[in-house]
Amino acid sequence: QAAAPLHPVAVQCQEAQVVVTVHRDLFGTGRLVRAAELSLGPAGCRPGAQSNAESTVTFVAGLHECGSTLQMTPDSFIYKTSLSYKPIPSGNLVIVRTNPAVVPIECHYPRKSNVSSNAVRPTWAPFRSTLSAEEKLMFSLRLMNDDWSSERLSNGFQLGESLHLQADVAVGNHIPLRLFVDDCVATLSPDRNSSPRYALVDLSGCLVDGRLDDTTSAFISPRPRQETLQFVVDAFRFAGDERNLIYISCHLKVSPADQAPDPLNKACSFNKASSLWAPVEGTGDICSCCETGNCPLHG
């Protein structure tokens, strides 16, 4: 409603800010209040430029500004602030003729609906999807039992055994996602850039350890689900070093599940029977760069 003597305070709850318009005849008595006597929020924000000739006073503030508070309910975000009126004596007078007043102000926004029409973008994405995409993804990398049924209780191995590694991502409310292991490196310290270091997975998803003649390392195909990727690596140690603790650091990433795998998003193993690289999913040509070594590394 427009600010008028019958409705002296009008509030507009916009997408990122609140606009408060105050009729100077705040009490409907004909006695006009002054802009200097009005403030917004606990921070005491002042109105914009104002002249005494105007009949209204306007405040424009961001939803998080001026000391406003945010309350969340199952269905809404509620931003709360208040308009304060504190009368100031005129001239040399020591008296005032009105009482202070506080007007509570609330802006309610639905939590489960779009709050932006994005009208200037014809192919806009729903606001809910945008928020979901910005959530932090929870990745995990675990040593599993040989049958993949549960996490392995021990991290000790003998040479000749195999490490069963499982990478996962918690999808939550996201669109369906497909997980990839971009690279894995083994080191003797937690610093993945330390030396010596040995690459197990490289080139954006090529299990290069399986290319060696004496290994059976490979990704498991098919996947148990799109957000999980399993792979087996033959146990090893660093030559000339007696330390028996090895760190394996992997970079995990996701792509939309409906996006076809490509040379940047792939899981490729070397098939010794055919002497060819083969993907867990997708066409064989996406793995050809595993042999040439010129796979795209960024994108």
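Before going into details, it helps to say that this report is about the structure given with it. Remember, predicted model here, so these are calculated numbers, not experimental data.

### Looking at the environment of Gln230
Inspection of the secondary structure puts Gln230 in strand S13 (residues 228-234). Within polar-contact distance, the side chain of Gln230 engages the side chain of Gln166 at 2.8 Å.

### Comments concerning empty space enclosed by the protein
Evaluated as defined, the whole model comprises one cavity of 30 Å³ or more. When its volume is computed, the largest cavity comes out at roughly 80 Å³. Along its surface, the largest cavity is lined by 13 residues, and Val18, Gly62, Leu63, Ser68 and Thr81 are the ones closest to its centre. If you list the elements that add at least two residues to the lining of the largest cavity, you get strand S4 (56-62), strand S6 (76-85) and strand S7 (101-110). The element best represented in the lining of the largest cavity is S6, accounting for three residues. Taken together, the residues that form the lining of the largest cavity break down as eight nonpolar, three polar and two charged.

### Brief notes about the state of the cysteines
Summed over all chains, the structure comprises six disulfides. Paired by a disulfide, Cys45 and Cys66 hold their sulfur atoms 2.1 Å apart. Measuring the twist about the S-S bond at about -110°, one finds the Cys45-Cys66 disulfide to be left-handed. Taken together, the positions of Cys45 in the loop between strand S3 (38-40) and S4 and Cys66 in the loop between S4 and strand S5 (69-72) put the pair 21 residues apart, joining distant regions of the chain. The buried category is assigned to Cys66, whose relative accessible area is 8%. Each sulfur of the disulfide joining Cys184 and Cys250 lies 1.9 Å from the other. Measuring the twist about the S-S bond at about 110°, one finds the Cys184-Cys250 disulfide to be right-handed. Note that Cys184 is positioned in strand S10 (residues 177-187) and Cys250 in strand S14 (residues 247-256), a separation of 66 residues in sequence.

Rules and cut-offs
- Within any chain, residue numbers begin from 1 and follow the written order of that chain's sequence.
- Side-chain atom pairs in this predicted model are given and counted only at pLDDT of 80 or more, local residue features only at pLDDT of at least 70, and totals for whole chains, interfaces and linings cover all residues.
- Water and hydrogen atoms play no part in the side-chain values, which are based on all heavy atoms of the structure.
- The way it works is that DSSP assigns letters per residue, a run of H or I at least four long becomes a helix, a run of E at least two long becomes a strand, and they are numbered from the N terminus.
- What qualifies as a polar contact is a pair of N or O atoms within 3.5 Å, subject to a donor-acceptor requirement within protein and to the restriction that residues adjacent in sequence count only when both atoms come from side chains.
- A cavity here means a set of 1 Å grid points, computed over protein atoms only, where a 1.4 Å probe fits but cannot escape. A pocket is an open set with protein on both sides within 12 Å along at least 5 of 7 lines, and lining residues have an atom within 4 Å of a point.
- Grid points are joined across faces, edges and corners, and a volume is the space filled by probe spheres set on the points.
- Amino acids outside the nonpolar list (Ala, Val, Leu, Ile, Met, Phe, Trp, Tyr, Cys, Pro) and the charged list (Asp, Glu, Lys, Arg) are all regarded as polar, and Gly is one of them.
- A pair of cysteine sulfur atoms is labelled a disulfide when the two atoms are within 2.5 Å.
- Buried means the residue's accessible area, taken with a 1.4 Å probe over protein chains only, is under 20% of the maximum for its type, while exposed means over 50%, and partly exposed covers the values in between.

Just distances and angles here, no functional claims.
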